[in-house]
Amino acid sequence: MNSRRAFVVWGVAVLAYVLAVVQRSSLGVSGVDAQDRFAVSAAVLSTLAVVQIAVYAGLQIPVGIALDRIGPRRLVLLGALLLVLGQAVVAVSPTIGPAVVGRVLVGAGDAMTFISVIRLLPMWFSGRILPQISQWTGNLGQVGQIASAFPFALLLHTAGWTVAFGVAAAASAVGLVLAFVFVRNGPVPVRTDTIPLPHTWSAAFHTFGHALRRPGTQLGFWSHYVTQSSGTVFSLLWGVPMLRGLGYSSTEAAGFLTVIVAVGFVAGPLLGVLCARYPLRRSNLVLGVVVLLGVVWTFVLIWPGHPPTWLLVLLVVAMGIGGPGSLIGFDFARSFNPMGSLGSANGVVNVGGFLAAFVMMFLIGVLLDAVARVTGQTVFAWSNFRAALTVQYVVVGFGVGMLLHARRRTRAQMHEQDGIRVAPLWVALVARLRKRTVQ
């Protein structure tokens, strides 16, 4: 545990995740180019991303079950192979049809990568370092977003569509070879709450059912749902077109995406430390992130005319915090599930943010086209985005309500099984203040 070999395995696995994020986010920086190449509407363009996300979200539970059955190494390798094939298909696609097939393969490969890497962590690491390693995994993976925002975008605009996506496919091929050489399933740590890894597919499905019914797993799902979705929609599809509609160049738009990643490197470790130090207050951290996102988006959308650059910087900063905030969902899964069902639990959690993103991406595309027909402006005009982006309030608001319900059930179970009663945050703060005053 926590050995030098553990860090080598983790490093190569994270590289595989970085390359998966490159392939995932490559469409986001090429959205305008894709519309020109395939001559499609915003709604049709959104299906290119929506299909990818739908496949990703739809495969999380099957992949989670497979993780508990066959382990993460094989799925990391299979995911890398599918990413290579998918981007190669997109590279040579002359029309939207084959490109959709390619993005389906990308979504499938991407679906296998992150939760497999997360599943590796408790095999190789233990103790209070685990929440911090989880945060670093998510943050380092987002380096792939920087790679797609700058090197990939530069290659796209200089060498063209086929070369750019072909090079992206080749990069994942390199990752596949490295993962084959270095990544191994680690020893399962001995824990008093563990259940054995399932040795049959029937047992694996039975294990998944237990994980799904646990309130802590559901709390992780809704935590991921409300924190990750906004940034995912922005980064994977609609962020660059929105910024272009506000008059920013493609390079400037890529800079905004980079801020999201840079903020994650600061916020992620901080959230990891807070989760380790205050495990009973993790849901408050999640709700704080949601409130921050809601407030900043509101100011952006109600600002008269075009919002100023400083406000947009605040927006991407808030989304940069939302990404690490979503990883708290996996910390809930780890805390409330035994080792033998952790793959299934992680799969359930990872569906959350991408399910919300899937819904929002599609609805935003539909609303952009509808509002454009009414206003007579170009599809990517800011006034159209101002109306279409309000769909976030409905989708995320529903998630907040479900999160609060799951939190009540989780706390009730903690009190019943372990005798732990979690007081409301304001009660705990008043008690702490009184204690300090007495001291």
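Above this text you will find the structure in question.
Here the structure is a predicted model, which is why all the values come from computation and not from measurement.

Caption draft 1: Just the packing of aromatic side chains, in detail. Applying the stated rule across the entire model yields 20 aromatic pairs. Ring centres 6.5 Å apart and planes at 25 degrees place the aromatic pair Phe332 and Phe336 in the stacked group. Of this pair, Phe332 and Phe336 both sit in helix 14 (residues 328–336), 4 residues apart, which is roughly one turn of the helix. One aromatic cluster in this structure is built from Phe38, Phe152, Trp161 and Phe165.

Caption draft 2: Quick peek at empty space enclosed by the protein. Taken as a whole, this structure holds 7 cavities of 30 Å³ or more when the rule is applied. Roughly 370 Å³ of volume is contained in the largest cavity. As for the largest cavity, its lining consists of 28 residues, of which Gln142, Gln145, Gln228, Thr232 and Gly323 are closest to the centre. Taken together, the elements giving at least two residues each to the lining of the largest cavity come down to helix 1 (4–29), helix 6 (129–141), helix 10 (215–245), helix 11 (250–277), helix 13 (309–326) and helix 15 (342–375). In terms of residue class, the lining of the largest cavity is built from 12 nonpolar, 15 polar and 1 charged. Computed from the structure, the second largest cavity encloses a volume of approximately 70 Å³. Lining of the second largest cavity is provided by Ile118, Leu121, Pro122, Leu130, Ser134, Phe330, Asp331, Arg334, Leu342 and Asn346. For the lining of the second largest cavity, the elements supplying multiple residues, two or more each, are helix 5 (96–124), helix 6, helix 14 and helix 15.

Caption draft 3: Spatial organisation of a nonpolar patch on the surface. Among the surface-exposed residues, Val8, Leu15, Val174, Val177, Leu178, Phe180, Val181 and Phe182 lie close enough to one another that they form a single nonpolar patch of about 680 Å² accessible area. At 6 residues, the largest contribution of residues to the nonpolar patch is made by helix 8 (residues 161–182). Looking at Val181, the relative accessible area reads 46%, which means it is partly exposed.

Caption draft 4: Broad picture of the side chain of Arg24. Counting through the fold element by element, Arg24 comes out in helix 1. In this view, Arg24 contacts Tyr17, Gln52, Tyr56, Arg103, Val106, Asp110, Leu236 and Phe354; residues no more than four positions away in its chain are not counted.

Caption draft 5: Region of interest: the packing of helix 3 (residues 42–70) against helix 9 (residues 201–213). Between helix 3 and helix 9, whose axes approach to 9 Å, the crossing angle comes to 125 degrees. Accordingly, the angle class assigned to the pair helix 3 and helix 9 is oblique. The two elements helix 3 and helix 9 cross, and the hand of that crossing is right-handed. Contacts from Ile61, Ile65, Ala66, Asp68, Arg69 and Ile70 in helix 3 reach Trp201, Ala204, Phe205, Thr207 and Phe208 in helix 9. Partitioning the contact of helix 3 with helix 9 into residue classes produces 8 nonpolar, 1 polar and 2 charged.

Caption draft 6: Here's a closer look at helix 10. Between its first and last C-alpha atoms helix 10 spans 42 Å; for 31 residues at 1.5 Å apiece the expected length is 45 Å, and the two agree. Most pronounced at Trp238, the bend in helix 10 amounts to some 75 degrees, and the proline Pro241 follows within four residues. One or two residues past the end of helix 10 sits Gly247, with phi positive at roughly 100 degrees.

Caption draft 7: Main features of the pattern of salt bridges. Taken as a whole and assessed by the stated rule, the structure comprises 4 salt bridges. The partner of Asp331 in a salt bridge is Arg282, with the nearest N and O atoms 3.0 Å apart. On the criterion of sequence distance, the pair formed by Asp331 in helix 14 and Arg282 in helix 12 (residues 282–302) is long-range, its members being 49 residues apart. A single burial state applies to Asp331 and to Arg282, both of which are buried. A salt bridge links Asp331 to Arg334; its shortest N-O distance comes to 2.6 Å. Note that Asp331 and Arg334 are positioned in helix 14 at a spacing of 3 residues, about one turn of the helix. Using a relative accessible area of 7% as the deciding quantity, one classes Asp331 as buried. Accessibility expressed as a relative area gives 22% for Arg334, which makes it partly exposed. Three or more residues joined by partner-sharing salt bridges are found here, namely Arg282, Asp331 and Arg334.

Rules used throughout
Residues numbered from 1 in each chain as written. Predicted model: local features only at pLDDT ≥ 70, side-chain atom pairs only at ≥ 80, totals over all residues. Heavy atoms only, no water. Phe/Tyr/Trp six-rings, centres within 6.5 Å; stacked < 30°, edge-to-face > 60°. Helix = DSSP H or I, 4+ residues; strand = E, 2+ residues; numbered from the N terminus. 1 Å grid on protein atoms, 1.4 Å probe; cavity = no way out; pocket = protein on both sides within 12 Å on 5 of 7 lines; lining within 4 Å. Points joined across faces, edges and corners; volume = space filled by probe spheres on them. Nonpolar A, V, L, I, M, F, W, Y, C, P; charged D, E, K, R; others polar. Patch = residues over 30% accessible without salt bridge, like charges linked within 9 Å, V, L, I, M, F, W, Y side chains within 5 Å. Areas by Shrake-Rupley, 256 points an atom, 1.4 Å probe, with all protein chains shown as cover. Salt bridge = Lys/Arg side-chain N within 4 Å of Asp/Glu carboxyl O. Buried < 20%, exposed > 50% of the residue type's maximum accessible area, 1.4 Å probe, protein only. Contact = heavy atoms within 4.5 Å. Axes fitted to C-alpha atoms, helices over the stretch in contact; angles between N-to-C directions. Parallel < 35°, antiparallel > 145°, perpendicular 65-115°, else oblique. Left-handed = near helix turned anticlockwise from the far one by under 90°. Expected span 1.5 Å × (residues − 1). Bend = angle between axes of the 7 residues up to and from the residue.

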